[in-house]
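Examining the three-dimensional arrangement
So the chains spell out like this:
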Amino acid sequence: MSALTRRGWLSTLWNQLRPEVPTDAETGAVALFQGALWSRHLDGSEGLSLTCTEGQLWLTFESDPRDYILEPGSTLRLAKPGLVVVQATRPSRMRLAKASHVA
């Protein structure tokens with residue numbers, strides 16, 4: 001199998017298996033399988049909060065030396081500009097919401 005064909009096959013497989021990430025930056029639920037990554041570049045003005053609703057999430061921000069582990073019920077405000085990366089350490093679900101809508 002040539003590299004180009006292999007790349008096309010893997011790309012197609014990835015597009016079919018990757019979790020659905022909401023296109024609306026305001027709210028959304030995301031399901032992640034173990035090891036899956038979710039990322040978004042934030043400008044800092046979105047006013048989003050990320051809540052782990054199931055499983056366990058590892059989260060890191062660009063230019064932040066700390067890492068965060070979120071358990072079910074844990075919420076973290078995403079107020080910094082830059083790249084945020086989330087990885088599921090086990091099958092997980094998370095919810096994005098406008099910070100003003102998080103209780």
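Sequence order sets the numbering: in each chain, residues are counted from 1 along the sequence as written. Reporting of local features is limited, given that this is a predicted model, to residues whose pLDDT is at least 70; pairs of side-chain atoms are given and counted only at 80 or more, and all residues count toward the totals for whole chains, interfaces and linings. Hydrogens and water molecules were not included; the side-chain quantities draw on all heavy atoms of the structure.

Thoughts on the nonpolar core
Which entries qualify depends on this criterion: Here, nonpolar core means buried Ala, Val, Leu, Ile, Met, Phe, Trp, Tyr and Cys residues that are tied together by side-chain atoms lying within 4.5 Å of each other. Exposure is judged per residue with a 1.4 Å probe applied to protein chains only, and the accessible area is read against the type maximum: over 50% gives exposed, under 20% gives buried, and values in between give partly exposed. Strands here mean DSSP runs of E at least two residues long; helices mean DSSP runs of H or I at least four residues long; both are numbered from the N terminus. For this analysis, residues touch if any pair of their heavy atoms sits within 4.5 Å.
Within the largest apolar cluster, 20 residues are counted, with the highest numbers of intra-cluster contacts made by L32, W38, L50, L57, L59 and L78. Of all the secondary structure elements, the ones that give two or more residues to this core are β1 (28–32), β2 (37–42), β3 (48–61), β4 (67–70), β5 (75–78) and β6 (82–98). Beyond its immediate chain neighbours, meaning those up to four positions away, L57 contacts L32, L50, C52, Y68, I69, L70, V86, Q87, A88, T89, S92 and M94.

Overview of unusual backbone geometry
Leaving glycine out, the prevailing phi sign among residues is negative, and the prevailing peptide bond configuration is trans. Phi at S63 takes a positive value of approximately 65°, unusual for a residue other than glycine. For S63, the position within the fold is in the loop between β3 and β4. Accessibility expressed as a relative area gives 77% for S63, which makes it exposed.

A short note on the environment of V86
Along the chain, V86 falls in strand β6. Distance from V86 to L59, taken between C-alpha atoms, is 4.4 Å for residues 27 residues apart in sequence. Filtering out sequence-adjacent residues up to four positions away, V86 remains in contact with L32, A36, L37, W38, L50, L57, W58, L59 and M94.

Let's talk about the environment of A99
The topology assignment puts A99 in the segment after β6. Judged by relative accessible area, which is 18%, A99 ranks as buried. Between the C-alpha atom of A99 and that of E46, which follows or precedes it by 53 residues, the distance is 8.7 Å. If we ignore the near neighbours within four places in the chain, the residues touching A99 are G47, L48, S49 and R77.

Observations regarding the pattern of salt bridges
When the charged atoms of two side chains lie near each other, side chains of opposite charge can form a pair. Here is the rule: Should a side-chain nitrogen of Lys or Arg be within 4 Å of a carboxyl oxygen of Asp or Glu, the pair is scored as a salt bridge.
Following the criterion strictly, the structure yields four salt bridges and no others. For E54, the salt bridge goes to R93, with nearest N and O atoms at 3.6 Å. Taken as a pair, E54 in strand β3 and R93 in strand β6 lie far apart in primary sequence, 39 residues in all. D64 serves as the salt-bridge partner of K80, at 2.6 Å between the closest nitrogen and oxygen. Here the residue K80 occupies a position in the loop between β5 and β6, and D64 occupies one in the loop between β3 and β4, the gap between them amounting to 16 residues. If you follow the salt bridges from partner to partner, you end up with D64, R66 and K80 in one network.

Notes on the side chain of T51
Under the convention used in this document: Pairing of N or O atoms within 3.5 Å defines a polar contact, subject to two protein rules: one partner must be a possible hydrogen donor and the other a possible acceptor, and residues neighboring in sequence count only if both atoms are side-chain atoms.
Structurally, the position occupied by T51 is in strand β3. The exposure class assigned to T51 is buried, which follows from its relative accessible area of 17%. A distance of 2.8 Å separates polar atoms of two side chains, one belonging to T51 and the other to T75. Discounting chain neighbours no more than four positions away, the residues touching T51 are G73, S74, T75, R93, M94 and R95.

Such coordinate-based values are descriptive only and should not be taken to indicate function.
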